[in-house]
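Residue-level listing of the chains:
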Amino acid sequence: MAKRVTKGFADKTAKALRDTKRHCAVCGEPIEMIKHVVTQQAGGGSIRFKEKMVAVCNCNRSEVYK
Ligand SMILES: [Zn+2]
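Rules behind the numbers
- Residues numbered from 1 in each chain as written.
- Predicted model: local features only at pLDDT ≥ 70, side-chain atom pairs only at ≥ 80, totals over all residues.
- Heavy atoms only, no water.
- Donors = N, O, S within 2.8 Å, 3.2 Å for Na, K, Ca; no water.
- Tetrahedral: all angles 85-135°; square planar, octahedral: opposite > 155°, others 65-115°.
- Buried < 20%, exposed > 50% of the residue type's maximum accessible area, 1.4 Å probe, protein only.
- Pairing = 2+ DSSP bridges.
- Helix = DSSP H or I, 4+ residues; strand = E, 2+ residues; numbered from the N terminus.
- Patch = residues over 30% accessible without salt bridge, like charges linked within 9 Å, V, L, I, M, F, W, Y side chains within 5 Å.
- Areas by Shrake-Rupley, 256 points an atom, 1.4 Å probe, with all protein chains shown as cover.
- Salt bridge = Lys/Arg side-chain N within 4 Å of Asp/Glu carboxyl O.
- Contact = heavy atoms within 4.5 Å.

**Description of the coordination of the zinc ion**
At step 1: Taken together, Cys 24 (SG), Cys 27 (SG), Cys 57 (SG) and Cys 59 (SG) make up the full set of protein donors to the zinc ion, lying 2.3 to 2.5 Å away.
At step 2: In this structure, the zinc ion is surrounded by four donor atoms whose angles at the metal cover 105 to 117°, and the resulting shape is tetrahedral.
At step 3: Residue Cys 24 is classed as buried on the basis of its relative accessible area of 13%.

**Some details on the sheet that holds strand β1 (residues 22-23)**
At step 1: Across the sheet, which stays open at both edges, the three strands sit in the order β1-β2-β3 with antiparallel pairing between neighbours. Two strands lie at the open edges of the sheet, namely β1 and β3 (47-56), each paired on one side alone.
At step 2: With ten bridges joining them, strand β2 (residues 30-41) and β3 adopt antiparallel strand pairing. Paired with Glu 32 across the strands is Val 56, a residue of β3.

**Quick look at a nonpolar patch on the surface**
At step 1: A contiguous nonpolar surface patch, about 330 Å² in accessible area, is contributed by Val 37, Ile 47 and Phe 49.
At step 2: You can see Val 37 is positioned in strand β2.
At step 3: With a relative accessible area of 46%, Val 37 lands in the partly exposed category.

**With respect to the pattern of salt bridges**
At step 1: Considering all chains together, one arrives at three salt bridges under this definition.
At step 2: With its nearest N and O atoms 3.7 Å apart, the salt bridge here joins Glu 32 to Arg 61. With Glu 32 in strand β2 and Arg 61 in helix α2 (residues 61-64), this pair connects stretches of sequence that are 29 residues apart.
At step 3: Residue Glu 32 is classed as partly exposed on the basis of its relative accessible area, which comes to 36%.

**Points about the environment of Met 53**
At step 1: When you line up the elements, Met 53 lands in strand β3.
At step 2: Sequence separation of Met 53 and Lys 35 is 18 residues, and the distance between their C-alpha atoms is 4.6 Å.
At step 3: Beyond its immediate sequence surroundings of up to four residues, Met 53 is in contact with Met 33, Ile 34 and Lys 35.

Interpretation in functional terms is not warranted from these geometric data alone.
Structure below.
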């Protein structure tokens, strides 16, 4: 019984991992999700950092990785 549960979980995990792999319709590259930190100029001269998840493929790779 325990073995079945483990196998089922592994299958589920593998499926979930596969589902996150999407391919770009333009370049056909697998789309990679990365955490991108953007700086925002707030009022009064203070700078705020914001974390954003960005989808990266061949189309915008050069823009994201500067
Ligand atoms: Zn692309």
